[in-house]
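Single-letter residue listing:
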Amino acid sequence: EAEEYAAAAEAFWQRGSRTDLLEAGDAWSVVDSFLPARRAYTALMKEGNGTPIIDSLSGLAQHKIGVSHYNEYDDAGAASAYRKAILIRNQVFPAAHKDQAHSRRNLANCLSYLGQTDSASLLLREAIDIYETVQPTDSVNWLRSLKDLSQVSAQMRDYQTGVSASRRAISLLQKTAAADVYDAHYIYYTSGTTFYTF
C-alpha cells in the first residue's frame, strides 16, 4: 500500500499542475514521507520563475506543511508554517473564513506545547470568534476549539475562562449532531476536570 501511494505521488508530481502537486503532497503524507510532501506543497505556491502565488490553494498548502511538521513532532517548525498560512489566508479572504480559524487553532496547539500559553489562548479566542460567525458553521472544530481553550486556561490558572469555555462547549455539544463519541467524551472530561479544579 505504501508503494502504491508513493507511485501515485510520483505520478502526480510528474503531471505537475498545482492541483496535481497538492495530490502528490497528500499521497506522500499518507506514507509519512514528509520531505517530498513539503517539496510538492512548496512547489505549488510558486510560479515557474519563483514568484509566490497568494491564493487559497497556497494557504491550504502552507497549512499542510504545518501539519507535516506537527506529525514529525516538530512543534516549532509547525508553528512557523501555520503563521505563514495565517498570513496568506488573512490576505486571501476579505471576510472571516473557517480556514483562518483552522490555522489559528493548529498554531495555538503548537504554542501550547511550546509553553506559550498566553499566545495560544489569544489564538483560540480568535478561532472561536471566527467559528461563531462563519456560515456554514463548522461546529465540530468550533467545539474542539472551546475544549482547547478550556485546557489552555487551566494551564494558565485562568479558571473563569476555562469554566466559560466548558459551559459553551457543553451547550454546543448538545445542539450539534456532527460531534462523535470521541468529541463528546473529551468535552465532558475536560469540562469535569475544569469544574472540579475551579
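Thresholds applied
- Residues numbered from 1 in each chain as written.
- Predicted model: local features only at pLDDT ≥ 70, side-chain atom pairs only at ≥ 80, totals over all residues.
- Heavy atoms only, no water.
- Core = buried A, V, L, I, M, F, W, Y, C linked by side-chain atoms within 4.5 Å.
- Buried < 20%, exposed > 50% of the residue type's maximum accessible area, 1.4 Å probe, protein only.
- Helix = DSSP H or I, 4+ residues; strand = E, 2+ residues; numbered from the N terminus.
- Contact = heavy atoms within 4.5 Å.

Some thoughts on the nonpolar core
With 30 residues, the main nonpolar core has Leu 107, Leu 143 and Leu 146 as its most contacted residues. Sorting the residues of this core by element identifies helix H5 (75-92), helix H6 (98-113), helix H7 (117-133), helix H8 (139-156), helix H9 (159-175) and helix H10 (181-197) as the ones contributing at least two each. Of all the elements, H7 adds the most residues to this core, at seven residues. Excluding residues within four positions of it along the chain, Leu 107 makes contact with Ala 79, Tyr 82, Arg 83, Ile 86 and Leu 123.

Section: the environment of Gly 59
You can see Gly 59 is positioned in helix H4 (residues 56-71). The exposure class assigned to Gly 59 is buried, which follows from its relative accessible area of 0%.

Here we look at the side chain of Ser 112
Topologically, Ser 112 is positioned in helix H6. Sequence-distant contacts of Ser 112, defined by excluding residues within four places in its chain, comprise Ala 120, Val 152 and Gln 155.

Observations concerning the environment of Leu 111
Along the chain, Leu 111 falls in helix H6. Each C-alpha atom of the pair Leu 111 and Pro 36 lies 25 Å from the other, and the pair is 75 residues apart in sequence. Each residue touching Leu 111, except ones within four places of it in the same chain, is listed here: Ala 79, Arg 83, Gln 116, Thr 117, Ser 119, Ala 120 and Leu 123.

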